[in-house]
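# Overview (structure and organization)
Chain residues, written in single-letter form:
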Amino acid sequence: MLLTLFKRSVLTTGGVLGLFRAYSACGYSLERMRAIEEKLLTEVNGRVDMTFEDHEISGNFRIHSAKLVPEEKKADNKARGVPLVILPGYGAGIGFFTRNVKDLEEAFSTHSHDPRAVHLIDWLGTGLSSRPPFTAKSVDETEEFFTRSLEEWRELNDIQEMVLIGHSLGGYLSFAYAERYPHRVRKLVLSSPAGVPNEPEGWKERIYSRIPRYLHWLPPLISVLWSNNISPGDFIRWIGPLGPRFVEYLVNFRFHNNGTEDLNLLSEYAYHNFAARGSGEYALGNLLVPGAFAKKPLHARIRPLSEKGIQDISFIYGQRDWMNFNHALKVVPHAGHQLHIHNPSGFLESLEKVIRK
């Protein structure tokens, strides 16, 4: 009887989602995540003076952000240069920039000739921003979910123009914002952005040729989960008390953690981020197909965007990036997809060159 009910549930999208989302995660806390984030950004990689803010937007939702402001300008909250607005990628939050904030403070917010405010923002539905039920279905509805809330945040902060910097899926969404509000973007910097190229022919066959035959079941499984919008967060919540150790393993594996304080904290931060109520994470299946190719690739949208007045678009990738970086303007050495974590100084050097060019 139970087996029959299980089979019936997994044959439908609602059943799959119900199975994964009904199991509450164990021990996660947004307040603990908030405390870890503050430590990651202001202490562990050098003392940094940051202001943390939560701005209320329409729908009684909040956008969470952190801000670096030039010392001499803190009284009136203004700086001379166009402010930097930095947005994280899928499954991340602003705490993932723990290794960059000190460099950003020295290179931009306290620069002697060109001081600029630097803002780090959690997209709506992610991080410590509000996590409303995600009901968008189409690509346009999904992009609007994120871009409209970012525009409301900009209005509340009275920012006329910004240098918009987005990583991975955050790069894709930053591009979508620039399409809708081109007069608000002075420069667009895409750090290993998702969804740029068209889906190449034969890529699935190449995947099968590179993995052992006994793992050929894995791509179809991933495709089914992706198509049913089962997110990594669903899996973390589903495995309950095993979640923290699993996320710790992933962080250690991906960033070659050898016990450094920031990555230990980042593991816990990432767990709380994944285990919290699912929201913006369900955008993935609406925007990308399995293989992380966009349903509406940016490749075909660059020329129309330039015709709207945004011609200063920079692409930055890691040297070992799994994304296709043939069109990269800057390649950060000794770095993969998470280039700002793998090589913070190389990331900063590339950032300075494209922003101050």
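Up top you'll find the structure we're talking about.
Procedures and definitions
Residues numbered from 1 in each chain as written. Predicted model: local features only at pLDDT ≥ 70, side-chain atom pairs only at ≥ 80, totals over all residues. Heavy atoms only, no water. Salt bridge = Lys/Arg side-chain N within 4 Å of Asp/Glu carboxyl O. Helix = DSSP H or I, 4+ residues; strand = E, 2+ residues; numbered from the N terminus. Buried < 20%, exposed > 50% of the residue type's maximum accessible area, 1.4 Å probe, protein only. Pairing = 2+ DSSP bridges. Axes fitted to C-alpha atoms, helices over the stretch in contact; angles between N-to-C directions. Contact = heavy atoms within 4.5 Å. Phe/Tyr/Trp six-rings, centres within 6.5 Å; stacked < 30°, edge-to-face > 60°. Expected span 1.5 Å × (residues − 1). Polar contact = N/O pair within 3.5 Å; in protein donor to acceptor, adjacent residues only side chain to side chain.

### Things to note about the pattern of salt bridges
This model, assessed by the stated rule, comprises 22 salt bridges. Across the salt bridge formed by Arg237 and Glu281, the nearest N and O atoms sit 2.7 Å from each other. Here Glu281 lies in the loop between helix H11 (261-275) and helix H12 (284-287) and Arg237 lies in helix H9 (residues 232-238), a separation of 44 residues in the sequence. Neither Arg237 nor Glu281 differs from the other in exposure class; each is buried. Three or more residues are tied together by salt bridges with common partners; here these are Glu143, Glu144, Glu179, Arg180 and Arg301.

### Here we look at the sheet that holds strand S2 (residues 61-68)
Consider a sheet: its strands pair through backbone hydrogen bonds, and that pairing is either parallel or antiparallel. Ordered in space as S1-S2-S4-S3-S5-S6-S9-S10, the eight strands form an open sheet in which the pairing is mixed. Each of the sheet's edge strands pairs with one partner strand only, and the pair in question is strand S1 (51-57) and strand S10 (330-332). Strand after strand, the sheet turns through a mean of 25 degrees between neighbouring axes, direction not considered. Pairing of S1 with S2, which is carried by seven bridges, proceeds in the antiparallel orientation. Within S2, the residue paired with Ile57 across the bridge is Phe61. Relative to the sheet, helix H5 (residues 139-156) contacts S1, S2, strand S3 (84-87), strand S4 (118-121) and strand S5 (162-167), its axis offset from that of S1 by approximately 115 degrees.

### Describing the packing of aromatic side chains
Enumeration over the complete set of coordinates arrives at nine aromatic pairs. Note on Phe134 and Phe146: the rings are 6.4 Å apart at their centroids and 35 degrees apart in plane angle, and the pair reads as tilted. Placement of Phe134 in the loop between S4 and H5 and of Phe146 in helix H5 is noted, with a sequence separation of twelve residues between them. Relative to Tyr181, the ring of Tyr177 has its centre 4.9 Å away and its plane inclined at 35 degrees; by these criteria the two rings are tilted.

### Focus on helix H3 (residues 30-42)
Compared with the 18 Å implied by 1.5 Å per residue over 13 residues, the 18 Å span of H3 between its first and last C-alpha is a close match. Here H3 has its buried residues at Met33, Ile36, Glu37, Leu40, Leu41 and Thr42. Against S1, S2, helix H4 (101-109) and H11 lie the buried residues of H3. The backbone nitrogen of Glu31 lies 3.3 Å from a side-chain oxygen of the residue at the head of H3, namely Ser29.

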